[in-house]
Amino acid sequence: MTYKKRGITVIGPAKNNKNIIIQEAELESSFGVVKEFQSIYDPSLNIELFHIDSTIPSTSAFAKNNVINEDLTYTNLGIEGYLPTGTRYTLFNAGLSKAKTDLGTSAISPKWEADLEFSIRQNLLKDFGPEINNSKIIIAKRNAEISKIELERVISLIILEVETKYWNAVYAKKNLKLAESSLHLAEDLVEKNRVEVEVGSLPKVALLQAQSEVAFRTVNLIKAENAYYTSLDSLKIAGGVILMFLAIDILFEKRKIRREKRVEEALDERNFDEITVF
């Protein structure tokens, strides 16, 4: 269960880890800053359209009913942008206007006008050249790379933490089994001493000593059980059940490597009697 995030393979359950979520948000923010600075070189399409219909009072003798009615419509279309060299350009900046009036002195109504403009402006002092214009993009890309490396570091630390806590749980389990075996031996010794005390081959104090040893090892067993369950809870908190399975897979892989190495060493020594099953 894995998924890709900005070229980083993340274990499925690990994506819910709060540290990874925070670091992923920082990484996405860093790439967003890069895109923001790169977007200044994107050309923009400007479209402008407006219409004015007005009625103006007038005392002119050419005005009908002392009122001038005017109708103006204007449309503009243009492409403009900015280059890394510090050049601002405007391409195909075309405008079209229509003016209509009922004023008697106007020879042409409606009147149409069109214009077309191309312009280039180059910065010579401030913001001149690609180095200064691309500096923010370069810094943002480096910050994004740092965020990516930090995300990889966080993921590695989480996996290391899970594996470490898994080994702690393995140690606690082995220690628990050892405590159980120790208690069984102590209980067997109590039964043995009880029989020998009854037949008179041992003093009664030997039985009391064996019983006290059982009590001592019972306490150790309880402590071992608590340590084992605490280590399991710590492992679950660190990475979840599925990450625990990942650590188990790592363990089995390492055991397989160690087992193959031991077999090779035994074969090299030609001592087949010492080959044991791991």
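Computed from a predicted model, the values in this text were never measured in an experiment. (Residues numbered from 1 in each chain as written. Predicted model: local features only at pLDDT ≥ 70, side-chain atom pairs only at ≥ 80, totals over all residues. Heavy atoms only, no water.)

*Asks:* Any chance you could explain the pattern of salt bridges here in plain terms?
*Replies:* When their charged atoms lie close together, side chains carrying opposite charge are able to pair. Under the counting rule described, the total for this entry stands at 4 salt bridges. In this structure, the salt-bridge partner of Lys165 is Glu161, at a minimum N-O distance of 3.1 Å. Of the two residues, Lys165 and Glu161 both sit in helix α3 (residues 135-199), 4 residues apart, roughly one turn of that helix. With a relative accessible area of 34%, Glu161 lands in the partly exposed category. A salt bridge links Glu191 to Arg194, with the shortest nitrogen-to-oxygen separation between them at 3.0 Å. (Salt bridge = Lys/Arg side-chain N within 4 Å of Asp/Glu carboxyl O. Helix = DSSP H or I, 4+ residues; strand = E, 2+ residues; numbered from the N terminus. Buried < 20%, exposed > 50% of the residue type's maximum accessible area, 1.4 Å probe, protein only.)

*Asks:* Looking at this structure, I do not really get the packing of helix α1 (residues 18-38) against α3. What am I missing?
*Replies:* Packed helices, taken two at a time, are described by the angle their axes make and the gap between the axes. One way to put it is that α1 packs onto α3 with a least axis distance of 9 Å and a crossing angle of 165°. In terms of orientation, α1 lies roughly antiparallel with respect to α3. By crossing handedness, the relation of α1 to α3 is classed as left-handed. In terms of residue class, the contact of α1 with α3 is built from 13 nonpolar, 6 polar and 6 charged. (Axes fitted to C-alpha atoms, helices over the stretch in contact; angles between N-to-C directions. Parallel < 35°, antiparallel > 145°, perpendicular 65-115°, else oblique. Left-handed = near helix turned anticlockwise from the far one by under 90°. Nonpolar A, V, L, I, M, F, W, Y, C, P; charged D, E, K, R; others polar.)

*Asks:* Please explain the nonpolar core as it appears in this structure.
*Replies:* Side chains of a nonpolar character, in soluble globular proteins, are inclined to be buried together. Leu176, Val190, Val214, Leu221 and Tyr228 are the most contacted members of the largest nonpolar core, which has 14 residues in total. Every element with two or more residues in this core is listed here: α3 and α4 (204-269). When sequence neighbours within four positions are dropped, the list of residues in contact with Val214 reads Leu183, Ala186, Glu187 and Val190. Listed in part, the 11 residues of the second largest apolar core include Leu151, Val154, Tyr166 and Ala238. (Core = buried A, V, L, I, M, F, W, Y, C linked by side-chain atoms within 4.5 Å. Contact = heavy atoms within 4.5 Å.)

*Asks:* Can you walk me through the packing of aromatic side chains in this structure?
*Replies:* Each aromatic ring pair is described using two quantities: the centre-to-centre distance and the angle formed by the ring planes. This model, assessed by the stated rule, comprises 4 aromatic pairs. Plain terms: the ring middles of Tyr166 and Trp167 are 6.0 Å apart, the flat faces sit at 70° to each other, and that makes the pair edge-to-face. Judged by its relative accessible area of 32%, Trp167 is partly exposed. Both rings, one in Tyr228 and one in Tyr229, keep their centres 5.4 Å apart while their planes meet at 55°; by these two values the pair is tilted. Looking at Tyr228, the relative accessible area reads 15%, which means it is buried. Lying over the aromatic face of Tyr228, Lys173 brings its terminal NZ or CZ to 5.1 Å of the ring centre. (Phe/Tyr/Trp six-rings, centres within 6.5 Å; stacked < 30°, edge-to-face > 60°. Lys NZ or Arg CZ within 6 Å of the ring centre and 35° of its normal.)

*Asks:* Help me understand the side chain of Asn93 in this model?
*Replies:* Its location among the elements puts Asn93 in strand β5 (residues 87-101). The class of Asn93 is buried, set by a relative accessible area of 15%. Within the structure, the side chain of Asn93 is placed 3.1 Å from the side chain of Asn76, a separation counted as a polar contact. (Polar contact = N/O pair within 3.5 Å; in protein donor to acceptor, adjacent residues only side chain to side chain.)

*Asks:* I tried to follow the environment of Asp102 on my own but got confused; where do I start?
*Replies:* Note that Asp102 resides in the loop between β5 and β6 (111-122). Look at Asp102 and you get partly exposed, because its relative accessible area is 32%. A C-alpha to C-alpha distance of 5.8 Å links Asp102 and Asn69, two positions 33 residues apart in sequence.

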